[in-house]
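If you want the building blocks of each chain, they are given just below.
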Amino acid sequence: MASFKSKIFHTVVGSARDIDADTLVFFCYDGDAPSGSFLKELDKDTDGAVSEVYKSGEFSGKVNSTALFRAPADWGAGNVLLAGVGKRAGVKQDNFRQAAGTVSRHVSLSKAQEIIFDCHSELDANRAQALVEGFRLGSWKMLDYKSDPEVKKENQQTISIVCANRKSEKKIEKGVERGAIIGAAVSQCRRLSFHPSNYLTPEKLAEEAKALGKRDGFSVKVLNVAQIEKERMGALLAVNKGSSENQARFIIMQYDGGRKGQKPVVLVGKGVTFDTGGISLKPGMNMHEMKGDMTGSAVVISTMSALARLGVKLNVVGLVPTTENMPSGDALKPGDIVTARNGKTIEIINTDAEGRLILADALDYANEFNPQAVIDIATLTGATLFSLGYAGAPILGASKQVLDRIRAGSKATAEKVWELPLWPEFTEQMKSAIADLVNSGGRPAGTATAAAFLQEFIGDYPWAHIDIAYVDLEPKGQPYIPRGPSGFGVRLLVETLSNWKQM
Ligand code: BES
Ligand code: MN
Ligand code: ZN
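Being a predicted model, the structure only gives us computed values, none of them experimental.

So, about the pattern of salt bridges. Applying the stated criterion across every chain yields a total of 27 salt bridges. Here Lys87 and Asp30 are joined by a salt bridge, their closest N and O atoms 3.3 Å apart. Here Asp30 lies in strand β3 (residues 21-30) and Lys87 lies in strand β5 (residues 77-87), a separation of 57 residues in the sequence. Measuring nitrogen to oxygen at the nearest pair gives 2.6 Å for the salt bridge that ties Asp404 to Lys400. One end of the pair, Asp404, and the other, Lys400, are both in helix α13 (residues 400-413), four residues apart, so they sit about a helical turn from each other.

Structure (structure tokens):
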């Protein structure tokens, strides 16, 4: 049995039509006429209602299409919901995730509480995992800030997945468990991203990480400003200068799932709890969305949670430099020159290019762990809007091996990534006339020049960078991603690290 606060997932062996429930869900392939025994039976018992919707073209099994029937009187369920998963040939795991997300929103609206999924004998562990993830994520809502207790109350749902026999049930249970853990981690990431900056300050983010570490089984150490000064993290401190109220923190998380002495994989997440742009102030339009500029850190923290709860056999370190980016009398100014932890000097051209500054010090600090690889994830550049938009995340890096692994994780999770080049021209663009580097190379190739800047701070380890600006925020709503923070990156990193081989 896998459970969320408001959703409990079971597996059962039996005949779906005999089980008591509000809604019985049956997955249908596109183009398969109602030929299988289940649909034939349903058709017979509903006096041909099923053939009717197929004949009229109302429903054919296209992914994310549904058809709802009143169940026959002698069936256990009240309603039967047919849910399309697309063409049978080459059907992908993600089709099940999408279909389950669609079903989830459907049954949430109808207030159904007992739901059973009949998935034929074709359900395997992977599809069950996708089903649970999609169902959990499709109807996820941020309710923390609603005041009406009626609105806040989440609909309690029990979801039973009908398995063909005990043997397949065993496998499906594993997928259900994995889906529940990963679904919870993605929800947690969305919640962290959704919090406004007056609640989620750097200090609070560190407290959240500590509480999650305690709950899920990873250790958390937090450096305060005095300790950050001792570490000579001049770039992180420069960004924090404008914050008179909220001081920076540096969060260090450690999960020891691998053998003792195994070099860890280090994850680095950008934790800017609010990005005003600083003295290079951003325009007011949509500035409120910059409360989400800590989403890289939310992804890293939530990935740590999932890895620990899954018991993945790998040592993983999560690093989160966290600060606001504020304008004030004390703030960093354009033209200022600061010295990063690795000793390189940076001429500040634009105080709004703050993410790369705080990541620079974290990438250098990663050396302390003698990492086998480092992956950073950040809402780093607005320029991603013009390359991949909301559809996928640019990845860049010096290590083909790490990039390949991220690509494999992307393929398995349907969180899309695409490589941009790290050409020498971009490194050239980030050189300063009077310091070592500039923090902004201007508009041309904004995503790649930001990565070229980061590359100046990595150690002698394989490294890749994921820019999640824009994929972090779903603009319209997708089958399992409601409008708002998407949690993009958690499933990708959990998958990538679950299959990690020593480098
Ligand atoms: N946090 C922003 C990037 C961002 C913009 C994320 C829009 C999501 C939506 C980042 O700190 C930033 O401001 N980057 C600047 C860099 C520029 C000044 C070189 C940008 O992309 O405009
Ligand atoms: Mn910025
Ligand atoms: Zn930013």
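With that out of the way, let us pick up the coordination of the manganese ion (ligand 2). On the protein side, the manganese ion (ligand 2) has Asp275 (OD), Asp352 (O), Asp352 (OD) and Glu354 (OE) as donor atoms, found 2.1 to 2.2 Å from it. One way to put it: the six donor atoms around the manganese ion (ligand 2) meet at angles of 71 to 167 degrees, and that makes the site irregular. Read from N- to C-terminus, the donor residues coordinating the manganese ion (ligand 2) fall into the pattern D-x76-D-x1-E. The distance between the manganese ion (ligand 2) and the zinc ion (ligand 3) comes to 3.1 Å, with Asp275 serving as a donor to both metals. The exposure class of Asp352 is partly exposed, given its relative accessible area of 22%.

Interhelical geometry of helix α3 (residues 93-109) versus helix α4 (residues 125-138) gives an angle of 35 degrees and a closest axis separation of 7 Å. As α3 runs across α4, the sense of the crossing is right-handed. When α3 is examined against α4, the residues Gln93, Phe96, Arg97, Ala100, Gly101, Val103, Ser104, Arg105 and Val107 are found in contact with a partner set consisting of Asn126, Arg127, Gln129, Ala130, Leu131, Glu133, Gly134, Phe135 and Gly138. Looking at side-chain class alone, the contact of α3 with α4 contains seven nonpolar, seven polar and four charged residues.

Let us now look at a nonpolar patch on the surface. A cluster of nonpolar side chains, contributed by Leu385, Phe386 and Tyr390, occupies part of the molecular surface with about 340 Å² of accessible area. Topologically, Leu385 is positioned in helix α12 (residues 384-387). A relative accessible area of 31% means that Leu385 is categorised as partly exposed.

Here seven strands make up an open sheet; going across it, the order is β1-β2-β7-β6-β3-β5-β4 and the pairing mixed. Edge positions in the sheet fall to β1 (2-3) and β4 (66-70), since each of these pairs with one other strand and no more. When β3 meets β5, the two strands line up parallel, connected through eight bridges. When the sheet's bridge partners are listed, Val25 is paired in β5 with Leu81. Lying over the sheet, helix α2 (residues 49-56) contacts β3, β4 and β5, oriented at roughly 155 degrees with respect to β4. Those strands touched by α3 are β3, β4, β5, β6 (114-118) and β7 (157-163), and its axis lies near 150 degrees from that of β5.

Take the domain arrangement of the protein next. According to the domain assignment, the protein consists of domain 1 (9-163) and domain 2 (190-498). Look at where the C-alpha atoms of domain 1 and domain 2 centre, and you get two points 38 Å apart. Facing 16 residues of domain 1, the contacting portion of domain 2 comprises 14 residues. Overall, the association of domain 1 and domain 2 removes approximately 1300 Å² of surface from exposure, summing both partners, and the carbon and sulfur fraction of that is 59%. At the junction of domain 1 and domain 2, the tally comes to one salt bridge. Tallied by class, residues from the side of domain 1 that touches domain 2 come to four nonpolar, seven polar and five charged.

Turning our attention to the packing of helix α1 (residues 37-45) against α2. The geometry of α1 relative to α2 is characterised by a closest axis approach of 6 Å and an angle of 105 degrees between their N-to-C directions. In terms of axis orientation, α1 runs roughly perpendicular to α2. Contacts from Leu39, Leu42 and Asp43 of α1 reach α2 at Ala49, Val50, Ser51 and Tyr54. By residue class, the composition of the contact of α1 with α2 is five nonpolar, one polar and one charged.

A metal bound by six donors in octahedral fashion has ideal angles of 90 or 180 degrees, whereas one bound by four tetrahedral donors has an ideal angle of 109.5 degrees. Around the zinc ion (ligand 3), the protein supplies Lys270 (NZ), Asp275 (OD), Asp293 (OD) and Glu354 (OE) as donor atoms, at distances of 2.0 to 2.4 Å. Read from N- to C-terminus, the donor residues coordinating the zinc ion (ligand 3) fall into the pattern K-x4-D-x17-D-x60-E.

Once that is clear, we can look at the sheet that holds strand β18 (residues 437-438). If you walk across this open sheet you meet the three strands as β13-β14-β18, and the pairing is mixed. Looking at strand neighbours, the two that pair on one side only are β13 (337-339) and β18, the edges of this open sheet.

Turning our attention to the side chain of His195. Here His195 lies in the loop between α6 (166-194) and α7 (202-216). In this structure the side chain of His195 is engaged in a polar contact, spanning 2.6 Å, whose partner is the side chain of Tyr145. When residues no more than four places from it in sequence are discounted, the contact partners of His195 are Met142, Asp144, Tyr145, Leu200 and Lys291.

With that out of the way, let us pick up the packing of aromatic side chains. One pass over the full model with this rule turns up 14 aromatic pairs. Relative to Phe59, the ring of Tyr54 lies with its centre 5.6 Å away and its plane at 90 degrees, an arrangement referred to as edge-to-face. Here Tyr54 falls in the buried class, since its relative accessible area comes to 15%. Assessed through its relative accessible area of 1%, Phe59 is described here as buried. A centroid spacing of 5.0 Å and a plane angle of 70 degrees characterise the contact between Phe250 and Tyr365, whose relative ring orientation is edge-to-face. With a gap of 115 residues between them, Phe250 in strand β9 (residues 249-256) and Tyr365 in helix α11 (residues 355-365) connect regions that are remote in the sequence. Residue class for Phe250 comes out buried when judged on its relative accessible area of 0%. Chaining the aromatic ring pairs together yields one cluster made of Phe9, Phe27, Phe96, Phe117 and Phe135. Positioned over the ring face of Tyr480 is Arg97, at 5.9 Å from the centre of the ring. Over the ring of Trp500 we find Arg405; its NZ or CZ atom is 4.4 Å from the centre of that ring.

Cut-offs applied
Residues numbered from 1 in each chain as written. Chains lettered and ligands numbered in written order. Predicted model: local features only at pLDDT ≥ 70, side-chain atom pairs only at ≥ 80, totals over all residues. Heavy atoms only, no water. Salt bridge = Lys/Arg side-chain N within 4 Å of Asp/Glu carboxyl O. Helix = DSSP H or I, 4+ residues; strand = E, 2+ residues; numbered from the N terminus. Donors = N, O, S within 2.8 Å, 3.2 Å for Na, K, Ca; no water. Tetrahedral: all angles 85-135°; square planar, octahedral: opposite > 155°, others 65-115°. Buried < 20%, exposed > 50% of the residue type's maximum accessible area, 1.4 Å probe, protein only. Axes fitted to C-alpha atoms, helices over the stretch in contact; angles between N-to-C directions. Left-handed = near helix turned anticlockwise from the far one by under 90°. Contact = heavy atoms within 4.5 Å. Nonpolar A, V, L, I, M, F, W, Y, C, P; charged D, E, K, R; others polar. Patch = residues over 30% accessible without salt bridge, like charges linked within 9 Å, V, L, I, M, F, W, Y side chains within 5 Å. Areas by Shrake-Rupley, 256 points an atom, 1.4 Å probe, with all protein chains shown as cover. Pairing = 2+ DSSP bridges. Domains from an automatic or database assignment. Buried area = accessible area lost by both parts, 1.4 Å probe. Parallel < 35°, antiparallel > 145°, perpendicular 65-115°, else oblique. Polar contact = N/O pair within 3.5 Å; in protein donor to acceptor, adjacent residues only side chain to side chain. Phe/Tyr/Trp six-rings, centres within 6.5 Å; stacked < 30°, edge-to-face > 60°. Lys NZ or Arg CZ within 6 Å of the ring centre and 35° of its normal.

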